[in-house]
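Below, each chain spelled out in residue letters.
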Amino acid sequence: MSERHWRKDDTESSMPFGNDWLTNIHEIILPEPISSWPQGVGWWALLILIGACGLRWAWLQYRHWKANAYRRAGIERLGQLREQIESGQTQCLAQLPELVRQVALCVYPRRRVVTLSGREWLDFLERSTDRSIPDILQNLAYCSEQQLREVGENQKQQLFDWIAYWIETHDAMYEADR
């Protein structure tokens, strides 16, 4: 038998392959995929509202961060003084009450803070926080260098802890200023 060579233009090649019943079936045309963007006005309004709330929250966080810059600066200065004191420069202890006053001047009305001294100053500090003031803070600014050298490690630690706590948590406006 001779081999027959098939070509595309042969009549036999145009015959359907497989089941004759399936020749007239066409594939299903699917609709366009549903968009993930909201279609209704209400959804757009909700997205705008959520965006506005997010911007408002970010703005308030920024203002809070900016308003507390004096606290961060005070804690940084306290850390510097602590390093100096721990390295043996005990005269830096006398700068701690000055640091507390500088921080107070950043947040409280100047006319209120500048006029305070002695017991009034300590009362002011006690009203602005919930911890009692260490006894050593009262006269620290007026101590001689010999007295500063005699301050114990426990007293220094108590002083550093109180000042750090006061800077971080003091009430920016207490009853008399509201």
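Look a little higher up for the structure.
Residues numbered from 1 in each chain as written. Predicted model: local features only at pLDDT ≥ 70, side-chain atom pairs only at ≥ 80, totals over all residues. Heavy atoms only, no water.

1. Considerations on the overall build of the chain
Note the following rule: Runs of H or I in DSSP of at least four residues are treated as helices and runs of E of at least two as strands, each being numbered from the N terminus. A simple rule labels every residue: compare its accessible area, found with a 1.4 Å probe on the protein chains alone, to the largest value its type can have, and call it buried under 20%, exposed over 50%, or partly exposed in between. The criterion used for residue contact is that any of the two residues' heavy atoms lie within 4.5 Å. Note on areas: Shrake-Rupley with a 1.4 Å probe; residue coverage comes only from the protein chains shown.
What the chain contains, in helices and strands, is seven helices and zero strands. Burial analysis of the chain (178 residues in total) assigns 26% to the buried set. Taking all contacts inside the chain whose residues are at least 6 apart in sequence as the whole, residues at least 24 apart take part in 62%. Accessible surface, the chain as shown: approximately 13800 Å² in total, 56% of it carbon and sulfur.

2. Points about the packing of helix α1 (residues 41-67) against helix α2 (residues 69-86)
Definition in use: Lines fitted to C-alpha atoms define the axes, with helix axes restricted to the stretch in contact, and inter-axis angles between N-to-C directions lie between 0 and 180 degrees. Here roughly perpendicular refers to angles of 65 to 115 degrees, roughly parallel to angles under 35, roughly antiparallel to angles over 145, and oblique to all remaining angles.
Packing of α1 against α2 leaves a shortest axis separation of 4 Å and a crossing angle of 40°. Regarding the angle of α1 to α2, the classification is oblique. Counting all contacts with α1, which are made through W65, K66 and A67, the residues of α2 involved are A69, Y70 and R72.

3. Overview of a nonpolar patch on the surface
The condition that has to hold: Like charges within 9 Å and nonpolar side chains (Val, Leu, Ile, Met, Phe, Trp, Tyr) within 5 Å are joined into patches, using only residues over 30% in relative accessible area that form no salt bridge. By convention in these notes, a salt bridge is any Lys or Arg side-chain nitrogen within 4 Å of a carboxyl oxygen on Asp or Glu.
Among the surface-exposed residues, W43, L46, L49 and I50 lie close enough to one another that they form a single nonpolar patch of about 430 Å² accessible area. Its relative accessible area of 52% is what places I50 among the exposed residues.

4. Details of the pattern of salt bridges
Scanning all chains against the criterion turns up five salt bridges. Here E86 ties to R82 by a salt bridge, and the two come within 3.3 Å at their closest N and O atoms. Note that E86 and R82 are positioned in helix α2 at a spacing of four residues, about one turn of the helix. What emerges from the salt-bridge pattern is a single network uniting R119, D123 and E126.

5. Describing the nonpolar core
Our working definition: What we call a nonpolar core is a set of buried Ala, Val, Leu, Ile, Met, Phe, Trp, Tyr and Cys residues that are connected through their side-chain atoms within 4.5 Å.
Core analysis: the biggest nonpolar cluster contains 31 residues, and L96, W121, L125, I163 and W166 have the highest contact counts within it. Going through the elements one at a time, α2, α3 (96-107), α5 (118-127) and α7 (153-169) are the ones with two or more residues in this core. Considering each element in turn, this core owes the most residues, seven residues, to α7. The residues contacting L125, other than those within four sequence positions of it, are V100, I133, L137, W162 and W166.

6. Some remarks on the packing of α2 against α3
α3 packs onto α2 with a crossing angle of 175° between their chain directions and a minimal axis gap of 10 Å. By the angle between their directions, the pair α2 and α3 is classed as roughly antiparallel. For the pair α2 and α3, contact is made by Y70, G74, R77, L78, L81 and I85 and by L96, L99, V103, C106 and V107, respectively.

7. A closer look at the packing of aromatic side chains
Note the cut-off: Paired rings are identified among Phe, Tyr and Trp, the last through its six-membered ring, by centres lying within 6.5 Å, and are further divided according to the angle between planes into stacked (under 30 degrees), edge-to-face (over 60) and tilted (the rest).
Enumeration according to the criterion identifies five aromatic pairs in this entry. Pairing Y108 with F124 gives two aromatic rings, centres 4.8 Å apart and planes at 75°, and the pair type is edge-to-face. Of this pair, Y108 sits in the loop between α3 and α4 (110-114) while F124 is found in helix α5, placing the two residues 16 residues apart along the sequence. Look at F124 and you get buried, because its relative accessible area is 0%. Between W162 and W166, the ring centres sit 6.3 Å apart and the planes meet at 15°, which makes this aromatic pair stacked.

8. Notes on α3
Operational definition: A helix is expected to span 1.5 Å multiplied by its residue count minus one. The reported arc concerns the directions from the helix axis to the C-beta atoms and nothing else.
In a regular helix each residue adds 1.5 Å, so twelve residues correspond to 16 Å; α3 covers 17 Å between its end C-alpha atoms and thus fits that length. All of the buried residues along α3 are L96, P97, L99, V100, V103 and A104. The buried residues of α3 all sit within an arc of 160° when viewed along its axis, so they share a single face. Buried positions along α3 lie against α2, α4, α5 and α7.

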